[in-house]
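Remarks on the overall topology
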Amino acid sequence: MSPASNRATKPATTAAARPVTHSVTDLATSPATSGSGPSAPATPRSVLISGASIAGPALAHWLHRYGFAVTVVERAPELRTGGYKVDIRGAAIEVAERMGILEDIQRASTDMRSGAYVNDDGKRIATLPADIFGARVGRDDEIMRGDLARILYERTRADVEYLFGDSITSITPVTPAAPAPGRPDGRHTAAGADGAAGVEVTFEQAAPRRFDLVVGADGLHSTVRRLVFGPEEQLLRHLGAYISAFSMPNELGLDREELYHAQPGRLICAYSSAGDPAAKGWLSFRSPRLSYDHRDPEQQLDLLEAAFEGMGVSPAGGWREVPRLLAAAREASDFYFDGMQLIEMDRWSRGRVVLLGDAAHCASPASGQGTGMALVGAYVLAGELAAADREPEEAFARYEEEMRGYVAVNHALARKFAREMTVDTRRQIRLRHLMMRILPYMPWKNLVAKKIAEDVQRGAHAITLKDHPAAPAANAAAGPVPAAVRPPYAA
Ligand SMILES: Cc1cc2nc3c(=O)[nH]c(=O)nc-3n(C[C@H](O)[C@H](O)[C@H](O)COP(=O)(O)OP(=O)(O)OC[C@H]3O[C@@H](n4cnc5c(N)ncnc54)[C@H](O)[C@@H]3O)c2cc1C
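What counts, and at which threshold
- Residues numbered from 1 in each chain as written.
- Predicted model: local features only at pLDDT ≥ 70, side-chain atom pairs only at ≥ 80, totals over all residues.
- Near = placed C-beta within 6 Å.
- Helix = DSSP H or I, 4+ residues; strand = E, 2+ residues; numbered from the N terminus.
- Buried ≥ 20, exposed ≤ 12 C-beta atoms within 10 Å, placed from the backbone.
- Core = buried A, V, L, I, M, F, W, Y, C linked by C-beta atoms within 7 Å.
- Domains from an automatic or database assignment.
- Contact = placed C-beta atoms within 7 Å.
- Pairing = 2+ DSSP bridges.
- Axes fitted to C-alpha atoms, helices over the stretch in contact; angles between N-to-C directions.
- Expected span 1.5 Å × (residues − 1).

1. A word on the site of the ligand
In the vicinity of the ligand there are 30 residues, among which Ser53, Gly83, Tyr84, Gly219 and Gly357 approach most closely. Here the element with the most residues in the shell around the ligand is helix α12 (residues 370-388); it accounts for three residues.

2. Structural notes on unusual backbone geometry
Peptide bonds are trans in most cases, and residues, glycine excluded, mostly fall at negative phi. The phi angle at Arg256 is positive, at roughly 50°, despite the residue not being glycine. Here Arg256 lies in the loop between β12 (236-248) and β13 (257-263). Given 18 C-beta atoms within a 10 Å radius, Arg256 is considered partly exposed. A positive phi angle, close to 70°, is found at Ser364, a residue other than glycine. Locating Ser364 in the fold gives a position in helix α11 (residues 364-367). Given 28 C-beta atoms within 10 Å, Ser364 falls into the buried group.

3. Brief notes about the nonpolar core
Judged by nonpolar contacts, the single largest core of 126 residues is most densely connected at Leu59, Leu356 and Ala378. The two domains that each donate at least three residues to this core are domain 1 (4-109 + 142-234 + 342-417) and domain 2 (114-140 + 239-340 + 421-457). Setting aside its immediate chain neighbours within four residues, Ala378 contacts Ala55, Ala58, Leu59, Trp62 and Leu356.

4. Topic: the sheet that holds strand β11 (residues 213-216)
Spatial ordering of the open sheet is given by β7-β2-β1-β11-β18-β17, a layout of six strands whose pairing is mixed. Each edge of the sheet is formed by a strand with only one pairing partner; in this case those strands are β7 (161-164) and β17 (349-350). Where β11 lies against strand β18 (residues 353-355), three bridges are found, and the strand directions are parallel. Bridge pairing in β18 places Gly216 opposite Leu355. With respect to the sheet, helix α2 (residues 55-65) is in contact with β1 (46-50), β2 (69-74) and β11, its orientation differing from that of β2 by roughly 170°.

5. A look at the sheet that holds β13
Strand order across the open sheet formed by seven strands is β5-β4-β13-β14-β15-β12-β16, with mixed pairing between neighbours. Sheet topology places β5 (124-129) and β16 (336-343) at the edges, where each strand pairs with a single neighbour. Strand after strand, the sheet turns through a mean of 20° between neighbouring axes, direction not considered. Both strand β4 (residues 114-118) and β13 contribute to a ladder of four bridges, which runs parallel. Across the sheet, the residue bridging to Ala116 is Leu259, located in β13. Together, β12, β14 (266-271) and β15 (279-286) form the strand contacts of helix α9 (residues 322-331), whose direction differs from that of β12 by roughly 90°. Along the sheet face, helix α14 (residues 426-438) touches β4, β5 and β13 and points at about 50° away from the line of β5.

6. Topic: the environment of Asp159
In this fold, Asp159 is placed in the loop between α6 (145-156) and β7. As a C-alpha pair, Asp159 and Ala60 span 99 residues in sequence and 8.9 Å in three-dimensional space.

7. Some thoughts on the pairing of β12
In regular strands, side chains alternate between the two faces of the sheet. The buried count for β12 comes to ten of 13 residues, which makes it a mostly enclosed element. Bridge count for β12 against β16 is seven bridges, and the pairing is antiparallel. Paired with Arg237 across the two strands is Leu342, which belongs to β16.

8. Let's talk about the environment of Gly115
Within the secondary structure, Gly115 sits in strand β4. When the 22 C-beta atoms within 10 Å are taken as the criterion, Gly115 is described as buried. Distance from Gly115 to Leu259, taken between C-alpha atoms, is 5.9 Å for residues 144 residues apart in sequence. Ignoring anything within four residues of it in the chain, the contact list for Gly115 reads Leu128, Ala130, Phe133, Glu258 and Tyr260.

9. Description of α12
An ideal rise of 1.5 Å per residue puts 27 Å on 19 residues; α12 measures up with 26 Å between its terminal C-alpha atoms. Burial analysis of α12 places 18 of its 19 residues in the buried class, which makes it a mostly covered element.

10. A closer look at the environment of Met144
Looking at where Met144 falls in the secondary structure, it is placed in strand β6 (residues 141-144). Each C-alpha atom of the pair Met144 and Gly83 lies 7.1 Å from the other, and the pair is 61 residues apart in sequence.

Structural data, given as structure tokens:
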């Protein structure tokens, strides 16, 4: 069962985004990376990560532990804390434990009690315990995406350079002959097996800089991917639905409960989670691919309103809360809207640039594994980079090799769940309600719950994690994390 009994009240964390202004030279000689300590590599490698959500800061955590000099650039002016609740299961639990953040996650758990389907009047038709509803077993947990982003940011902000409010505009491979800006000794730019010496990066705001590696952890609509691999249209598979998530006042008085309302081709949800005085809403609707600017919330709100127009207003039918949810979406400062989409790529790296998390293999919210895969991918990529030392291409190849099967299983699940998430007819909706209503009284209810969780668990466990030097096995005694841990094979 989920560790509800271990959960303390969620601490009220604030994400005061702190712009840090180290120069490249500072980074090269910072205590964690200068080679002064017994465990730091002699020549630190500089890594630029684009995206400060889940994948980016998780990778920053590991790379710092391995002695890399890490910079994270995030387009938003401060840490983005919105989003739906996300599941941490299977291999992701193991990674969280190795990172030393599992207890933080448990403390910030949504601690949901139950889920119910409601009729047009908001009357609960069928209620199930939250863990059955969310297909969680064992140590699986659930946390608000924003809380996890905060945990990761707070863990890394002292050791990692964060540049908020900026974005990469170009990435150019450089040859060993070209001296690095600010590093005429070329110390940052020794050539790897690929003959390249790093990459020159330009930004919207900051001055151009050179890094040994660039990681695109900038999500479904990744800029790094577009710059290096081309337009997303060729790589994006639309799963036939859109989803929007936002905060709203808890006018329904929900207490760690989620309420769902189904209409043909539509699913609506309102819930509240532990320690949050506000509630959250989300709305999903079936639709072929729509054309809109994914950075323009006004356009997205218009699409959302059009998709739910008239719902909840007599005589159209539907949950009478829907108009209130739509109004809340307009008011929310953390409004999120995106397609249920997969990113499918033949390879995730080119030269000194590699993709991570949704940027590489977005599995859509339908998979329930996007955040877990981001955490796991960060662990695998960092471990392989540390192990390969100066051969990034070899590390990238191993990272892909380890992750591919895991991603494929979860992409298949996303396709299945996206099809099943909404139903087409009122008859199917009635059947779903009936199943939920009778389930708690069935002697075989645990078997059914297990069966429901089986697919999700298969996806969550579809990878075997290697043990990397700075990542003690899950059951090893957790000690203080050294500032920089040198892999045994580093020069
Ligand atoms: C605000 C927000 C709300 C979300 N809400 C949900 C949700 O409700 N349900 C759900 O299933 N998933 C949601 N997601 C996606 C979910 O977080 C990811 O599927 C998963 O956690 C994988 O994370 P990621 O770090 O790979 O990508 P993401 O979480 O998508 O993070 C990408 C990060 O890169 C940043 N970024 C984008 N472009 C640039 C650029 N050019 N330069 C620098 N930074 C850039 C983004 O601002 C973001 O911080 C949300 C993501 C965000 C950012």
